Amino acid sequence: MKITPYLNFAGDCREAMTFYHSVFGGELEMTAHKDTPSAEHVPAEMQNQIMHAALTSSDGTLFASDAPMAQANSFSGVYLSVHPKTVEEADRMFAALKDGGEVEMELEETFWAKRFGMLHDRWGVKWMFNVD
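Residues numbered from 1 in each chain as written. Predicted model: local features only at pLDDT ≥ 70, side-chain atom pairs only at ≥ 80, totals over all residues. Heavy atoms only, no water.

1. Some points on the layout of surface pockets
Taken as a whole, the largest pocket encloses approximately 620 Å³ of empty space. In terms of lining, the largest pocket is formed by 21 residues, of which the most central are Ser57, Asp59, Gly60, Ser81 and Val82. Elements supplying a minimum of two residues to the lining of the largest pocket: β3 (50-57), β4 (60-66), β5 (79-82) and α2 (87-98). Grouping the amino acids of the lining of the largest pocket by side-chain chemistry returns ten nonpolar, eight polar and three charged. (1 Å grid on protein atoms, 1.4 Å probe; cavity = no way out; pocket = protein on both sides within 12 Å on 5 of 7 lines; lining within 4 Å. Points joined across faces, edges and corners; volume = space filled by probe spheres on them. Helix = DSSP H or I, 4+ residues; strand = E, 2+ residues; numbered from the N terminus. Nonpolar A, V, L, I, M, F, W, Y, C, P; charged D, E, K, R; others polar.)

2. What to know about the sheet that holds β3
With mixed pairing, the four strands of this open sheet are ordered in space as β1-β4-β3-β2. Edge positions in the sheet fall to β1 (6-9) and β2 (27-32), since each has one partner strand and no second. Taking the axes of each pair of neighbouring strands and ignoring which way they run, one obtains an average angle of 15° across the sheet. Bridge analysis of β3 against β4 gives five bridges, and the strand direction is antiparallel. Note that in β4 the partner of Ala54 across the bridge is Phe63. (Pairing = 2+ DSSP bridges. Axes fitted to C-alpha atoms, helices over the stretch in contact; angles between N-to-C directions.)

3. Topic: the pairing of β3
Across six bridges, β2 lies against β3 in antiparallel orientation. When the sheet's bridge partners are listed, Leu28 is paired in β3 with Leu55.

Structure follows, in structure tokens:
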């Protein structure tokens, strides 16, 4: 079974996914509501918001969209677990994601990993890093 995370943002999906693309690489595809066949059924203030985004790499996919405010940016209880191949890669990614966010546990060596760390990024998304 393949599980793919799908994040709902409060109007800042384009900014978040563009940033994640700069951190993780891969291929980013985004579709705004205005560019879909159902655009006429979407309120004017949501036309430029993202209906669906996909950040895809050889290791997996991260989906996202802009959702009504009552549903978005409530990421409590869920972490996205990232497993970089090298310590250097983990250091770079962790540093980028913690900018404007909050570190829960600094990226450091543990008894089970070369590096492990946890943080909340500037959008409230929780990330867990583990380098085997």
